[in-house]
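# What the coordinates show
Okay, here's what each chain looks like letter by letter:
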Amino acid sequence: MDSRRRDVLRAGGAAGIWSVLAAVGIAAPAQARDARNVAAFEATTFDDALRALGAEDAAESGAVRIVAPDVAEDGRAVTISVASDIPRTEQIVVLIEENPYKVAASFRLSGAMAPAIQTRVKMARSTRVHALVRAEGRLFVAWREVTVTVGGCGT
Amino acid sequence: MSTPTRIRATRKDGATELRMLLSHPMENGLRKDAEGKRIPAHFITEVSVQRNGEIVLEADFGPSIAMNPYLAFSIAGGAPGDEIVVSWRDNLGDSRSDAIRVV
C-alpha cells in the first residue's frame, strides 16, 4: 500500500513539488514541472490524442464506468462522472471525441483517493465521451454517447 | 485578483467527500467576441488538491473543461481539522491557492 502510493507520487513527478512549494510560496509557478502531456492536450484529432496517450491498444473494459446525461440541453456545462473498478487505478483521462481539443482532463490519483471523479465539460456537439484508465501501467477504455442540444464550444 | 475557490469537505462513512468550484473563464481560444475578434485562450492547466500537505489529486485540464470548473471526489479517512488546499495555475501564468479546514 505504502509503496504503491510512493509510485503514484513519483509518476506525478515534480508536480507534487511544484504544488507544495507554490503553496508555501517558495516556488514561482513558472518553475513548475512539465508532467502535463502537452501532445495529448494539443491533439486536434482523436487518433493523435490516443497516440499521445499511448492508448491505441487500450482494452475496452466494463470496469470503467461513465455517468453522463443521454441528452445534454446545454453543451456549455455537461456533468460527467467516471469511476474505475480496476484495482490500483493511477490515472483517469476524459476525452471528448468531437471537441476541437480532444482531451478534457487528466487526473492523477494518489492512493488516498477513491477512483471516481465528477466534473463538468463543454461539448461542441453530440459525440462520444471516452474515459481512459491507467492501472499498473495498463490502459482501459470505455465510452458513452451524449446528445447535445445546444453546443458549448463556440466558434 | 481571482475569485477564491469554493471548497466543501464533508466526512462520510470513513471518507472525506470533497467538492470544489474554481472560478475561471476557461476560454478555449476559439470563441469570438461581438466584433468578431477571437477571444484569447485563457484556461486552467493544472490543479492540485492536498490534505495536510500531502497531494491527494493532481489534474491537468484542457480547454474543454466548463467555465468555473467543478470537481467532486472522495478521499479515504480524514478528521476534523484536516487542512484541504486547492491550488491551480492557468495558461497565462496566473495561479491561486485556497485552504479550508474539514469540520
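All residue numbers refer to position in the chain's written sequence, counted from 1. Chains and ligands are labelled by the order in which they are written, letters from A for the one and numbers from 1 for the other. Reporting in this predicted model follows two pLDDT cut-offs: at least 70 for local features of residues, and 80 or more for side-chain atom pairs to be given and counted; totals over whole chains, interfaces and linings ignore these cut-offs and use all residues. To obtain the side-chain values, all non-hydrogen atoms of the structure were used and water was disregarded.

## Quick notes on the overall build of chain A
The line we're drawing: Counting from the N terminus, the helices are DSSP H or I runs at least four residues long and the strands are E runs at least two residues long. Only protein chains enter the calculation, and the probe is 1.4 Å; a residue is then buried if its accessible area is under 20% of its type maximum, exposed if over 50%, and partly exposed in between. Residue contacts are defined here by distance: any two heavy atoms, one from each residue, within 4.5 Å place the two residues in contact. Here the open area of atoms and residues is found with the Shrake-Rupley method and a 1.4 Å probe, where only the protein chains shown may cover a residue.
Each helix and strand counted, chain A has four helices and nine strands in total. Listed by position from the N terminus, the elements making up chain A come as α-α-α-α-β-β-β-β-β-β-β-β-β. Relative to its 155 residues, chain A shows a buried fraction of 46%. Within chain A, residue pairs in contact and separated by at least 24 positions form 65% of the contacts whose partners lie at least 6 positions apart. Carbon and sulfur atoms make up 50% of the accessible area of chain A, which amounts to about 7400 Å² in all.

## Considering the interface of chain B and chain A
Operational definition: When two parts are put together, the accessible area they lose, computed with a 1.4 Å probe and summed over both, is reported as buried area. Salt bridge criterion: a side-chain nitrogen from Lys or Arg within 4 Å of a carboxyl oxygen from Asp or Glu. Nitrogen and oxygen atoms within 3.5 Å of one another constitute a polar contact, given that in protein one can donate a hydrogen and the other can accept it, and given that sequence-neighbouring residues count only through two side-chain atoms. When residues are sorted by character, Ala, Val, Leu, Ile, Met, Phe, Trp, Tyr, Cys and Pro go into the nonpolar class, Asp, Glu, Lys and Arg into the charged class, and all the rest, Gly among them, into the polar class.
Chain B puts 38 residues into the contact, and the matching count from chain A is 44 residues. Together, the buried faces of chain B and chain A total about 3200 Å²; carbon and sulfur atoms form 53% of this surface. Summed over the shared surface of chain B and chain A, the result is two salt bridges. Close ionic contact of Arg-108 of chain A with Glu-58 of chain B constitutes a salt bridge, the shortest N to O distance being 3.7 Å. The interface formed by chain B and chain A includes 17 residue pairs in polar contact (both at pLDDT 80 or more). At the level of elements, strand S3 (44-51), strand S4 (54-61), strand S5 (70-76), strand S6 (83-90) and strand S7 (95-101) of chain B are the ones that each hand at least two residues to the side of chain B that touches chain A. Considering each element in turn, the side of chain B that touches chain A owes the most residues, eight residues, to S4 of chain B. Looking at the side of chain B that touches chain A residue by residue, the class counts come to 20 nonpolar, 10 polar and eight charged.

## With respect to the UniProt feature "domain: Sulphur oxidation protein SoxZ" (unreviewed entry) in chain B
Using the following cut-off: UniProt positions are given in the numbering used here, feature names are shortened, and annotations may be inferred rather than shown by experiment.
Mapped onto this numbering, the UniProt entry gives "domain: Sulphur oxidation protein SoxZ" (unreviewed entry) at residues 8-99 of chain B. For residues 8-99 of chain B, helix accounts for 0% and strand for 52%, while the C-alpha atoms at its two ends are 10 Å apart.

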